[in-house]
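Each chain is listed here by its residues.
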Amino acid sequence: MKDCGVSSLITSKLWSIYRIYTESVCPMASNKKTVLILVNKQTTIVNFRLEVVVALVKAGYRVVVSVPDGDRLGEIEAVGAEIIRTPMEKESTNPIKDIALMLKYKKMIKRVKPDLVLTYTIKPNVYGGLAASIKKVPYVANITGLGTALENKGFMQKIAVRLYKIGFRKINKVFFQNSENRAFFEEKKIALGKHSSLPGSGVNLEKFHVLDFPEDGAIHFAFISRIRKEKGIEQYIDTARSIKEKYPDAVFHVCGFGDDYYEERMKTLHNEGVIVYHGLLNDVRVMLKDVHCVIHPTYYPEGMSNVLLESAASGRAIISTDRAGCREAIDDGVNGYIIKQKDSKDLIEKVEKFLSLSYDEKREMGLRGREKVEREFDRNIVVKNYLDTAAELTKSKGE
């Protein structure tokens, strides 16, 4: 009898361990529905979609995020998501490596057994979408911008369109961040009937609250972006040089990272006193508290510019180009100015116009931006769309 009791106790303990293991590791043995999120870098989640992850976890989903390695993955795990580190060469056009990525996603889906796959940016969208369709799992993509391959006509555009048509052939929904991107997909007849719109990634209005407006005196401008030609860095430098000749107290900050050429150039310009170079910032609020206006002279194919939305939400005036993903954030002359693309002269004129405003007018321009973001770009709108979509697509048959 004593041996039987010990045996029963051991069996009970083993069963408990097995149950805990299967519920936490094997989604088929758990009542939780699983959402797999595929992204090409950690900031896609940490900076812009963490609230979506939090909402899904709170709603009872098991959330697994596939992402290349990074130093901020703990922030994703801290809200209850699991991490799968997936190496990826974002800029590579090597078809062998792209096929290998698709096969990784296919094996991942087989292992994780998700009820829904969410994808962001072109490679996760295309190759994650293809893997999900092969494994017959519902999937939803977010077009965060066309990218240069799609925007510029030519051979690469034809290839990219073909890849999207293949990757999206069985897609359940495609979210767009601006009307021009949506119109492009409609024109190319990609995933017709599956399109829906979002206000970009939205803004967390609690995290990006209205900051105290800097004191009157030296006026500070900031460029906050990847440092590359298509982001308008050359126009920004031209403007800094020109304005400082007439307004020597004006300060032009640059925050971001670039290739070796631009890294060295920014350091040289910093030493010359043309700009103040800060390098990459993990938290843009550190910069926003000290500037009066953010300049984003991009002509890169944006989805919706997060830096413009975050700056406006913080009560800062914004200046950006007349293109999709930027103009939507600006009511020209109300919360900022819209400029022509690749036009240093126009940017210089708009900066001078801003400098001519009184302190109260500059501050008021920032406050009008906050009001616009509250009306149109609250991240809760985005979160609700994803929760509703997840509930719809993971609903079991017969429910």
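Residues numbered from 1 in each chain as written. Predicted model: local features only at pLDDT ≥ 70, side-chain atom pairs only at ≥ 80, totals over all residues. Heavy atoms only, no water.

## Things to note about the pattern of salt bridges
No. 1: In the structure shown here, the tally under the stated rule is 21 salt bridges.
No. 2: Glu352 is the salt-bridge partner of Lys246, the closest N and O atoms lying 3.0 Å from each other. Here Lys246 is found in helix α10 (residues 233-246), whereas its partner Glu352 is found in helix α14 (residues 344-355), with 106 residues between them in sequence.
No. 3: Residue Lys372 is joined to Glu376 by a salt bridge in which the shortest nitrogen-to-oxygen separation is 3.1 Å. With Lys372 and Glu376 both in helix α15 (residues 359-376), this residue pair falls four residues apart, about one helical turn.
No. 4: For Glu376, a relative accessible area of 33% puts it in the partly exposed group. (Salt bridge = Lys/Arg side-chain N within 4 Å of Asp/Glu carboxyl O. Helix = DSSP H or I, 4+ residues; strand = E, 2+ residues; numbered from the N terminus. Buried < 20%, exposed > 50% of the residue type's maximum accessible area, 1.4 Å probe, protein only.)

## Here we look at unusual backbone geometry
No. 1: Even without a glycine there, the phi angle at Lys113 is positive, about 55°.
No. 2: In this structure, Lys113 sits in the loop between α5 (95-112) and β4 (116-120).
No. 3: The class for Lys113 is partly exposed, based on a relative accessible area of 38%.
No. 4: One non-glycine residue, Thr121, lies in the positive phi region at around 70°.

## A word on the sheet that holds strand β2 (residues 62-67)
Two orientations exist for strands paired in a sheet by backbone hydrogen bonds: parallel and antiparallel.
No. 1: Within the open sheet, the seven strands sit side by side as β3-β2-β1-β4-β5-β6-β7. Their pairing is parallel. On the outer flanks of this sheet lie β3 (82-85) and β7 (195-197), each paired with one strand and no other. Shown here is a sheet whose adjacent strand axes are inclined to one another by a mean of 20°, direction ignored.
No. 2: Taken together, the five bridges between strand β1 (residues 34-38) and β2 define a ladder with parallel strand orientation. Paired with Leu36 across the two strands is Val64, which belongs to β2.
No. 3: Of the strands in this sheet, β1, β2, β3 and β4 touch α5, which is tilted by about 160° from β1. (Pairing = 2+ DSSP bridges. Axes fitted to C-alpha atoms, helices over the stretch in contact; angles between N-to-C directions. Contact = heavy atoms within 4.5 Å.)

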